[in-house]
Amino acid sequence: MKQQYPLAKVYQLLGSGPTVLISSSFKGQPNVMTIAWTTMLDFAPPVIGCCIGDHSYTFQVVKKTKEFVINIPEAKLAKKVVACGSVSGKKVDKFKKIGLTPLPASKVKAPLVGECFANLECKVVDTRLVDKYNLFIVKVVAAWLDKGAEKSPTLHHVTGSRFKIGRE
């Protein structure tokens, strides 16, 4: 028998893609943050919607620079992924503090996260939903994948500190 489900928890049923690390750069200072809400919007060219909390330093940087990298970590990086979402990059170099490797990107100033098996260089193409929903629409301008990593287990945020591991 079905029972009513709280509307505030519907997102837990739908979820989204894997939990990712968003890397950005402002005035030569790299930054990295965890986000859980990304979704494909188009295939060719690839267009993605990314919801970035407006309380974050990353939100400010992305709004100014209009570019970032979506880095997809394997589930084994869970502790580092959680750590990236637990401290602001405004005053702390999170790459150094958390032990991640910034690598140069080919088309954006933001760095790739070396430990992640996939990296998507992105440029913001639509900001009409940023003020209302914190939703940046981006086009992927370059993509990188570690050889043989297509089926790597990924983290998927459920709620609070709960994650699921996704596999193909």
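Residues numbered from 1 in each chain as written. Predicted model: local features only at pLDDT ≥ 70, side-chain atom pairs only at ≥ 80, totals over all residues. Heavy atoms only, no water.

## Looking at the sheet that holds strand S2 (residues 29-35)
Here comes step 1: Judged by pairing direction, the sheet is antiparallel, and its seven strands sit side by side in the order S2-S1-S5-S8-S9-S4-S3 without closing on themselves. Looking at strand neighbours, the two that pair on one side only are S2 and strand S3 (38-42), the edges of this open sheet. Each neighbouring strand pair of the sheet contributes to a mean axis angle of 35°, computed without reference to strand direction.
Here comes step 2: Examined bridge by bridge, strand S4 (residues 47-51) and strand S9 (residues 135-145) share five bridges and lie antiparallel to one another. Opposite Cys-50, over in S9, you have Phe-136 as the bridge partner. (Pairing = 2+ DSSP bridges. Helix = DSSP H or I, 4+ residues; strand = E, 2+ residues; numbered from the N terminus. Axes fitted to C-alpha atoms, helices over the stretch in contact; angles between N-to-C directions.)

## Let's talk about the pattern of salt bridges
Any two side chains of opposite charge can pair if their charged atoms end up close together.
Here comes step 1: Tallied over the entire structure, the rule returns three salt bridges.
Here comes step 2: Among the salt bridges present, the one from Glu-74 reaches Lys-76, with a minimum N-O distance of 3.8 Å.
Here comes step 3: In this structure Lys-76 comes out as exposed when scored by relative accessible area, which is 69%.
Here comes step 4: For Arg-128, the salt bridge is made with Asp-126, and the minimal N-O distance between the two is 2.5 Å.
Here comes step 5: Note on Asp-126: relative accessible area 19%, which makes it buried. (Salt bridge = Lys/Arg side-chain N within 4 Å of Asp/Glu carboxyl O. Buried < 20%, exposed > 50% of the residue type's maximum accessible area, 1.4 Å probe, protein only.)

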